[in-house]
Amino acid sequence: SQTIHQWPATLVQPVGSPLSLECTVEGTSNPNLYWYRQAAGRGLQLLFYSVGIGQISSEVPQNLSASRPQDRQFILSSKKLLLSDSGFYLCAWSRDRVLYNEQFFGPGTRLTVL
Amino acid sequence: AQSVSQHNHHVILSEAASLELGCNYSYGGTVNLFWYVQYPGQHLQLLLKYFSGDPLVKGIKGFEAEFIKSKFSFNLRKPSVQWSDTAEYFCAVNTGNQFYFGTGTSLTVIP
């Protein structure tokens, strides 16, 4: 069976510090990978998605970047965090090129920028 | 751009009341439709999904949803809610590799 991991679960960082959140998927190959930010009253905002190694699409301009160094690894980064980067970050995966597709979510990372 | 609208932002019901949460989307092509639920302190998890066939789909915990193509809607229903249904509910639409989510509806069920 497939599983998705995210770490850390919670993180408190000062403004201006770097960020690295990691997401890994097990039990599948060539997944599509997604990073979302969940903010109260705003639902899930898609930040990045990737259909393969080194292939990253950004949905909104922001202070964050994403990388996919391996097939089942997806990293969310920032060089300098802003207060507005605080939030709950979710990683998700889906199968590639299937007619009936659905997403599976990780447990999330709660980021607080002070 | 595709969008998903959930018109009820916060719903408060008493136990045993009936529930209907609205979801409308804007996309003219073939879509897959989902309702996800997030219980307090827990992961986002799939409640039910529609891919094709019978437009009335049944999910876990007594929930169901009806796909009405002509109205671009996928409303979630439950005939009798329980206190344990208190959670946030998200409607989502899939087109190809893209997934689009609504802003969510927070449901509070009062015992």
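Details of the structure are given in the entry above.
Residues numbered from 1 in each chain as written. Chains lettered and ligands numbered in written order. Predicted model: local features only at pLDDT ≥ 70, side-chain atom pairs only at ≥ 80, totals over all residues. Heavy atoms only, no water.

> Give me the lowdown on the pattern of salt bridges, citing residues and values where you can.
Any two side chains of opposite charge can pair if their charged atoms end up close together. Per the counting criterion, the structure on display carries seven salt bridges over all chains. Ionic contacts of the salt-bridge type, sharing partners, join the residues Lys58, Glu64, Glu66 and Arg77 of chain B into one network. (Salt bridge = Lys/Arg side-chain N within 4 Å of Asp/Glu carboxyl O.)

> Residues and numbers for the interface of chain A and chain B, please.
Contacts between the two partners involve 26 residues from chain A and, on the opposite side, 19 residues from chain B. In total, chain A and chain B occlude about 1700 Å² of area from one another, counting both sides; carbon and sulfur atoms represent 51% of this. Summed over the shared surface of chain A and chain B, the result is one salt bridge. Put simply, Lys49 of chain B and Glu102 of chain A hold a salt bridge, and the shortest N to O gap is 2.4 Å. The interface formed by chain A and chain B contains three residue pairs in polar contact (both at pLDDT 80 or more). Secondary-structure elements contributing two or more residues to the side of chain A that touches chain B are strand 4 (32–39), strand 5 (43–52) and strand 9 (87–94) of chain A. (Contact = heavy atoms within 4.5 Å. Buried area = accessible area lost by both parts, 1.4 Å probe. Polar contact = N/O pair within 3.5 Å; in protein donor to acceptor, adjacent residues only side chain to side chain. Helix = DSSP H or I, 4+ residues; strand = E, 2+ residues; numbered from the N terminus.)

> If you had to explain the environment of Arg68 of chain A to someone new, which residues and values would you point to?
Residues and elements named next belong to chain A. Inspection of the secondary structure puts Arg68 in strand 7 (residues 65–70). Look at Arg68 and you get buried, because its relative accessible area is 3%. Sequence separation between Arg68 and Gly43 is 25 residues, and the spatial gap between their C-alpha atoms is 25 Å. Only 3.0 Å separates the side chain of Arg68 from the side chain of Ser50, close enough to count as a polar contact. (Buried < 20%, exposed > 50% of the residue type's maximum accessible area, 1.4 Å probe, protein only.)

> Which residues make up the sheet that holds strand 7 of chain A, and what values do they have?
Residues and elements named next belong to chain A. Read across the sheet, four strands follow the order 1-3-8-7 without closing on themselves; strand pairing throughout is antiparallel. In the strand order of this sheet, the two ends are held by strand 1 (3–7) and strand 7, each with one partner. Neighbour-to-neighbour, the strand axes of the sheet open up by a mean angle of 20 degrees, direction not taken into account. In this structure, strand 7 lies alongside strand 8 (residues 73–78), joined through four bridges in antiparallel fashion. Counted as the bridge partner of Ala66 is Leu76 from strand 8. (Pairing = 2+ DSSP bridges. Axes fitted to C-alpha atoms, helices over the stretch in contact; angles between N-to-C directions.)

> Can you tell me about the state of the cysteines, naming the residues and giving the values?
Disulfide: a covalent bond connecting the sulfur atoms of a pair of cysteines. Residues and elements named next belong to chain A. The tally for this structure, following the rule as stated, stands at two disulfides over all chains. Shown here is the disulfide that connects Cys23 with Cys91, its sulfur atoms set 2.0 Å apart. Residues Cys23 and Cys91 are joined by a disulfide whose S-S torsion is about -75 degrees; by sign, that bridge is left-handed. With Cys23 in strand 3 (residues 19–26) and Cys91 in strand 9, the pair connects residues that are 68 residues apart, well separated along the chain. Its relative accessible area of 1% is what places Cys23 among the buried residues. (Disulfide = S-S within 2.5 Å.)

> Quick one: what's the story with the nonpolar core, residue by residue and with numbers?
Grouped together as the largest cluster of nonpolar side chains are 29 residues, with contacts concentrated most on Leu33, Trp35, Leu48, Phe74, Leu76 and Tyr89 of chain B. Ranked by the residues each element gives to this core, the list is headed by strand 10 (residues 87–95) of chain B, at four residues. In contact with Leu48 of chain B, not counting residues within four places along its chain, are Leu33, Phe34, Trp35, Val57, Lys58, Gly59, Phe63, Glu64, Ala65, Phe74 and Leu76 of chain B. Listed in part, the 20 residues of the second largest apolar core include Phe74, Leu81, Cys91 and Trp93 of chain A. (Core = buried A, V, L, I, M, F, W, Y, C linked by side-chain atoms within 4.5 Å.)

> Please provide a residue-by-residue account of unusual backbone geometry, values included.
Residue and element names in this part refer to chain A. The step from Trp7 to Pro8 runs through a cis peptide bond, and the omega angle for that step is 0 degrees. Relative to the helices and strands, Pro8 is located in the loop between strand 1 and strand 2 (10–13). With a phi angle near 50 degrees, Asn30 is a residue other than glycine that sits in the positive phi range. By the secondary structure assignment, Asn30 is in the loop between strand 3 and strand 4.

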